[in-house]
Amino acid sequence: MPTNFTVVPVDDGRKSSQEDSDDNNILKEEDEETVGDGNPRESSPFINNTDDKGTLYDGKNMALFEEEMDSNPMVSSLLSKLANYTNLTQGVREHEEADEDEGAKKQTVKSPQMGTFIGVYLPCLQNILGVILFLRMTWIVGTAGILESFIIVSMCCSCTMLTAISMSAIATNGVVPAGGSYYMISRSLGPEFGGAVGLCFYLGTTFAGAMYILGTIEILLTYIVPSAAIFKAEEKAQEADALLNNMRVYGTCCLTLMSLVVFVGVKYVNKLALVFLACVVLSILAIYAGVIKTIFEPPVFPVCLLGNRTLQNHGFDKCMKTEIIDNVTVTTKLWSLFCEGPELNASCNEYFTLNNVTEIQGIPGLTSGAISENMWGSYGPAGMLVEKAVPSVPASDSSQDQHMPYVVNDITAFFTLLVGIYFPSVTGIMAGSNRSGDLRDAQRSIPIGTILAIATTTVIYLSCVVLFGACIEGVLLRDKFGDSVKGNLVIGTLSWPSPWVIVVGSFFSCCGAGLQSLTGAPRLLQAIARDGIVPFLEVFGHGKANGEPTWALLLTAVICESGILIASLDAVAPILSMFFLMCYLFVNLACALQTLLRTPNWRPRFKYYHWALSFLGMSLCLALMFISSWYYALVAMLIAGCIYKYIEYRGAEKEWGDGIRGLSLNAARYALIRLEEAPPHTKNWRPQLLVLLNLDAELSVKHPRLLSFTTQLKAGKGLTIVGSVLEGTYLTRDTDAKRAEQNIKSAMAAEKTKGFCHVVVSSNLRDGFSHLIQSAGLGGMKHNSVLMAWPANWKQSNDPQSWRNFIETVQETTAAHQALLVAKNVDSFPHQERLGEGTIDVWWIVHDGGMLMLLPFLLQQHKVWRKCKMRIFTVAQLDDNSIQMKKDLQMFLYHLRLNAEVEVVEMHDSDISAFTYEKTLVMEQRSQMLKQMQLSRTEREREVYSFCV
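Residues numbered from 1 in each chain as written. Predicted model: local features only at pLDDT ≥ 70, side-chain atom pairs only at ≥ 80, totals over all residues. Heavy atoms only, no water.

Let us now look at the overall build of the protein chain. Scanning the protein chain from N- to C-terminus turns up 35 helices and 15 strands. Expressed as a percentage of its 949 residues, the buried residues of the protein chain come to 51%. Excluding contacts between residues fewer than 6 apart, the proportion of contacts in the protein chain whose partners are at least 24 apart in sequence is 80%. Accessible area of the protein chain: about 44900 Å², with a carbon and sulfur share of 58%. (Helix = DSSP H or I, 4+ residues; strand = E, 2+ residues; numbered from the N terminus. Buried < 20%, exposed > 50% of the residue type's maximum accessible area, 1.4 Å probe, protein only. Contact = heavy atoms within 4.5 Å. Areas by Shrake-Rupley, 256 points an atom, 1.4 Å probe, with all protein chains shown as cover.)

Time to look at the packing of helix H10 (residues 191-224) against helix H11 (residues 239-264). Two quantities define a packed helix pair, namely the angle between the axes and the distance from one axis to the other. At their nearest, the axes of H10 and H11 sit 9 Å apart, and the two run at 120° to each other. Classified by the angle their axes make, H10 and H11 are oblique. Like other packed secondary-structure pairs, H10 and H11 cross with a definite hand, here right-handed. Contacts between H10 and H11 pair Ile213, Leu214, Ile217, Glu218 and Leu221 from the former with Asn246, Met247, Tyr250, Gly251, Cys254, Leu255 and Met258 from the latter. (Axes fitted to C-alpha atoms, helices over the stretch in contact; angles between N-to-C directions. Parallel < 35°, antiparallel > 145°, perpendicular 65-115°, else oblique. Left-handed = near helix turned anticlockwise from the far one by under 90°.)

Before going further, it helps to spend a moment on a nonpolar patch on the surface. On the surface, Leu622, Phe626, Trp630, Tyr631, Leu634 and Met637 cluster together to form a nonpolar patch covering roughly 590 Å² of accessible area. Listed by contribution, the elements that provide at least two residues to the nonpolar patch are helix H24 (611-628) and helix H25 (630-650). Looking at the nonpolar patch element by element, the count peaks at 4 residues for H25. Relative to the helices and strands, Met637 resides in helix H25. Overall, the relative accessible area of 32% leaves Met637 in the partly exposed class. (Patch = residues over 30% accessible without salt bridge, like charges linked within 9 Å, V, L, I, M, F, W, Y side chains within 5 Å. Salt bridge = Lys/Arg side-chain N within 4 Å of Asp/Glu carboxyl O.)

A word on the state of the cysteines. Scanning the entire structure with this criterion turns up 2 disulfides. The disulfide that involves Cys304 links it to Cys319, with 2.0 Å between the sulfurs. Given an S-S torsion of about 80°, the disulfide between Cys304 and Cys319 has right-handed geometry. Remark: Cys319 occurs in the loop between strand E4 (309-310) and strand E5 (322-325) and Cys304 occurs in strand E3 (residues 302-306); sequence separation between them is 15 residues. Looking at Cys319, the relative accessible area reads 15%, which means it is buried. Two residues share a disulfide in this structure: Cys339 and Cys348, whose sulfurs sit 1.8 Å from each other. Taking the sign of the torsion about the S-S bond as the criterion, the disulfide between Cys339 and Cys348, at about 100°, is right-handed. (Disulfide = S-S within 2.5 Å.)

Across a sheet, strands are paired by hydrogen bonds formed along the backbone, either parallel or antiparallel in direction. Overall, antiparallel pairing links the 3 strands, which are arranged E4-E3-E7 in an open sheet. One side of each edge strand has no neighbouring strand; the edge strands of this open sheet are E4 and strand E7 (357-361). Of the strand pairs in this sheet, E3 and E7 are connected by 5 bridges, and their pairing is antiparallel. Its bridge partner being in E7, Val303 is matched across the sheet by Ile360. (Pairing = 2+ DSSP bridges.)

Let's shift gears to the sheet that holds strand E11 (residues 785-789). One open sheet accounts for 5 strands, arranged E10-E9-E8-E11-E12; its pairing is parallel. Of all strands in the sheet, those with a lone pairing partner are strand E10 (756-762) and strand E12 (819-823), marking the two edges. Neighbouring strand axes in the sheet, compared pairwise and without regard to direction, differ in orientation by 25° on average. Sheet topology note: the E11/E12 ladder contains 5 bridges and is parallel. Counted as the bridge partner of Ala789 is Ala823 from E12. Relative to strand E9 (residues 720-727), helix H29 (residues 765-775) is tilted by about 155°, and along the sheet it contacts strand E8 (689-693), E9, E10 and E11.

Turning next to the pattern of salt bridges. Side chains bearing opposite charge may pair, as long as their charged atoms lie close to each other. Under the defined criterion, the tally for this structure stands at 17 salt bridges. Residues Glu648 and Lys645 are paired through a salt bridge, measuring 2.7 Å at the closest nitrogen-oxygen approach. Of this pair, Glu648 and Lys645 are both found in helix H25, 3 residues apart, which corresponds to roughly one turn of the helix. A relative accessible area of 36% places Glu648 in the partly exposed class. A relative accessible area of 37% places Lys645 in the partly exposed class. Of the charged contacts, one joins Arg871 and Asp841 as a salt bridge, the two residues approaching to 2.7 Å between their closest N and O atoms. Taken together, the residues span a long stretch of sequence, with Arg871 in strand E14 (residues 869-877) and Asp841 in strand E13 (residues 839-844) at a distance of 30 residues. Here the residues in one salt-bridge network are Arg136, Glu218, Asp410, Lys480 and Asp570, joined through shared partners.

A separate point is the nonpolar core. Met211, Ile213, Tyr422, Phe423, Met430, Tyr461 and Phe468 are the most contacted members of the largest nonpolar core, which has 165 residues in total. The element best represented in this core is H10, accounting for 19 residues. Met430 has contacts with Met167, Ser181, Ile185, Phe201, Cys583, Tyr584 and Val587, leaving out every residue within four places of it along the chain. Judged by nonpolar contacts, the second largest core, of 47 residues, contains Leu699, Val761, Val842 and Met870. (Core = buried A, V, L, I, M, F, W, Y, C linked by side-chain atoms within 4.5 Å.)

This part takes up helix H32 (residues 882-895). It helps to recall that an α-helix has 3.6 residues per turn; residues three or four apart then point in one direction. Here H32 is 14 residues long and its end C-alpha atoms lie 20 Å apart, about the 20 Å a rise of 1.5 Å per residue gives. Restricting attention to buried positions, one finds in H32 the residues Ser882, Met885, Asp888, Leu889, Phe892, Leu893 and His895. An end-on view of H32 places all buried positions within 160° of arc, on one side of the element. For H32, the exposed residues set more than 90 degrees away from the buried face come down to Ile883 and Lys887. (Expected span 1.5 Å × (residues − 1). Arc of directions from axis to C-beta.)

Another point: unusual backbone geometry. Of note, the bond from Trp496 into Pro497 is cis; its omega dihedral lies within 30 degrees of zero at 15°. When you line up the elements, Pro497 lands in the loop between helix H20 (490-494) and helix H21 (499-531). A positive phi angle, near 60°, is found at His817, a position not held by glycine. Relative to the helices and strands, His817 resides in the loop between helix H30 (801-815) and E12. Classification of His817 by relative accessible area gives exposed; the value is 76%. In this model, Asn825 sits at a positive phi of 55°, which is unusual for a non-glycine residue. Along the chain, Asn825 falls in the loop between E12 and E13. We classify Asn825 as exposed; its relative accessible area is 56%.

Turning our eyes to something else, we now look at the confidence of the model for the protein chain. Residue-level pLDDT values for the protein chain average 80, and 79% of them are 70 or greater. At the level of individual helices and strands, the protein chain shows its lowest average pLDDT in helix H35 (residues 937-948), which scores 36, and its highest in helix H17 (residues 415-422), which scores 94. Note on residues 1-71: pLDDT under 50 across the span, and 101 contacts to partners over four residues away in sequence or across chains. (pLDDT = per-residue confidence, 0-100.)

Orientation of helix H23 (residues 569-596) relative to H24, taken along the N-to-C sense of each, is 155°, at an axis distance of 8 Å. By the angle between their axes, H23 is roughly antiparallel relative to H24. Crossing of H23 over H24 shows left-handed handedness. Across the interface between the two elements, Met578, Leu581, Met582, Tyr584, Leu585, Asn588, Leu589, Cys591, Ala592, Thr595 and Leu596 from H23 touch Trp611, Ser614, Phe615, Gly617, Met618, Cys621, Leu622, Leu624, Met625 and Ser628 from H24.

A cluster of like positive charges, contributed by Lys752, Arg834, Lys863, Arg866 and Lys867, occupies part of the molecular surface. With respect to the secondary-structure elements, Arg866 resides in the loop between helix H31 (851-860) and E14. (Lys, Arg positive; Asp, Glu negative; His and termini not counted. Charge placed at Lys NZ, Arg CZ, Asp CG, Glu CD.)

Take the pairing of strand E15 (residues 900-907) next. Judged from the 8 bridges that link them, E14 and E15 form a sheet pairing that is parallel. Note on E15: the bridge partner recorded for Thr874 is Val904. As for the winding sense of the linkage, the β-α-β connection from E14 through H32 to E15 is right-handed. (Right-handed = clockwise from strand over helix to strand, strands pointing away.)

Encoded structure:
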């Protein structure tokens, strides 16, 4: 039976573009694109799809069934993608295009085309494998031993794997915006977490640039051109200082050159991205090829030992004391290094005389059994000799050892230091998410590509630990700079076909990584600055006409220079470890909290995610921080905490629909339910204020000083509700109510009053204030005190309703069992100016439970009233014992921890009103009150102190 079919162009591994075009109009308005000015916007595969017939069939096959493309990809398409590979962050390509076409119309941004392999896996692989692997991995294995090195690698890789799982949950929680890791995290976790993560990531990337530059210079001066050193050591003790000075000079020059390259145009960095990737891949392959070759034919790299001490093989060519030439015994160059002359009877170093010289193979091979020797660590202080576990004859005087050509530890080595040095080798897991706008399916590619890259590098690192320990002699592993093998790179001695493969490959790899750090870090800072969440960074959001972050690049170079001036790769690595660990800590913490509290917009589709993994990742990050360096950890936490709080209090208001907003809602609900379970204890009582304001005809606050007084009384602590009433109906005055609420909020901001605002529209003022007193607050967060101003000119007012409203408000407050504070002449109260002196007088006539004494104490905590003294006046009748009353009151204040002067005023019965007389505490009543408080002194002081504070 004949079948009709049509041949259609099909994308490699993708659906037909015809299927996508139906949704173009729907998604085009909702999604955003990344434009040439560097402003990151959400991208979609459907944006800017053109009908250009010339490009319709580019990179496509003529296939009957599109399922065939999964198993039969187009080879030319794959090669084209590799040729266009870039490891730069989001927005760099657009800036490059703008450079090439300045003044012309901006080019249309193409639809995202990168898949998981090219877009995520390879960039992560390139960023993770780097300088630490080539320059420090062998030394870490030799110093820590195979077992402890395995533990170090496992801990660090587990930390990044757990963080990648949390990041995958973020990537699958809704649409992934273009703009890189910062945008993905900040739009999901909120401005506070996003800003803290972004700045920690920026600082880590900047110091990573310094580390890569130092690695580049170390390779250049130690293994490629040692003669290029400017500072040369005349004695062995000066070698370390000379190396550091050379690192500073050459590092500064290298940073300047790289900054100029990035400033002039990142297109050069982009074009070399594939070269840098090839260097990394070829170097790794050369190492594995060398390991396989050692089974059959180990390379010849002899190591010379004097007794059990390893010698630096720079000043001699033969590992022997003497040799026979023409039947004559003559001394070698090695003899001259330890003796005062070349003569056989010359005076020599004692240890040199007592011990023989032996030569061992630095690379004994995979089957040599070296793995058992390298299983355990060999830590030691700076200056400790690198020794092999063989017998030797000790010398009586070792004072001259530091001047002899021995291989020694350049730094004090211990387990926690090695963790801090190694951890940067597992960072770079966000390289794939940095190009989220270039991915066809970011929600699928970021989790798969990142996790596969981490799994691959974990296997590489763990296998390197075992293979290095099995193939390389222990004393050579502990020789950090390869002095015992004539200055060769230690890992290079294992490679095939030549050590120069690793030397050249690692050199270009470090150069490329440094350029990428200097390219990515300024753009990350620019993105944070343009978001406006950190006001003082807004200047770094500006740049050249095409959006290049000039000012951000300048700041990045300055920070990077501070790392270069440290001049030691081993000292810089723990610093950037702290910032990356702090970044990963925030990511895991935010994911765990959102999952546990079930925030409404937290719905990740990554099926392998669980909150316990995020919690475990957060715990591991915190542990690694303090294991690596507890003081760096405290500094990093302080910086991140300050950034978080600064954004929270001073940052711009942003509503990104993030999960932390839902987290706050759930936390508030939980706290309100807890407060509702039981009434507050007396020790926890504080005045929770409902401030009743009057508005003028313009709906402005009549007495703004009442808000100032509230601020001084509350100091931002506890609950403050500011309410007002408009006469009328809500249907007719809803606009006025919103305007009045906005005016009150502006007044609260001007007076620095922190609280909530509530405007009620009622038929009359009395009912409105009554509604506020009854219903303001929510659950356990309700006011217990009402603050209002004394009615002005109520005696002269022809309308008796003004003072009736006041009296009825007093009655309403009393009926609600709430305290009432009335501020008379409130417009004369101090504003923000500090009172240099003065007194706060309290007339304690009616026993109120101590509130009259608590209020001035709270006022004294504010800077305006801090220098004022408190005086307590109490009234006594003529037949009262005034002296005893004063002593009792002083003792009562002492227990309250209040500093106040006490004055007792004696008055006749006729001078005291009948109401006050009935309520006044006479001597016997006060004495009874004090007796009831006869708790133990410790309990009393604790309770009263808690009550006051």
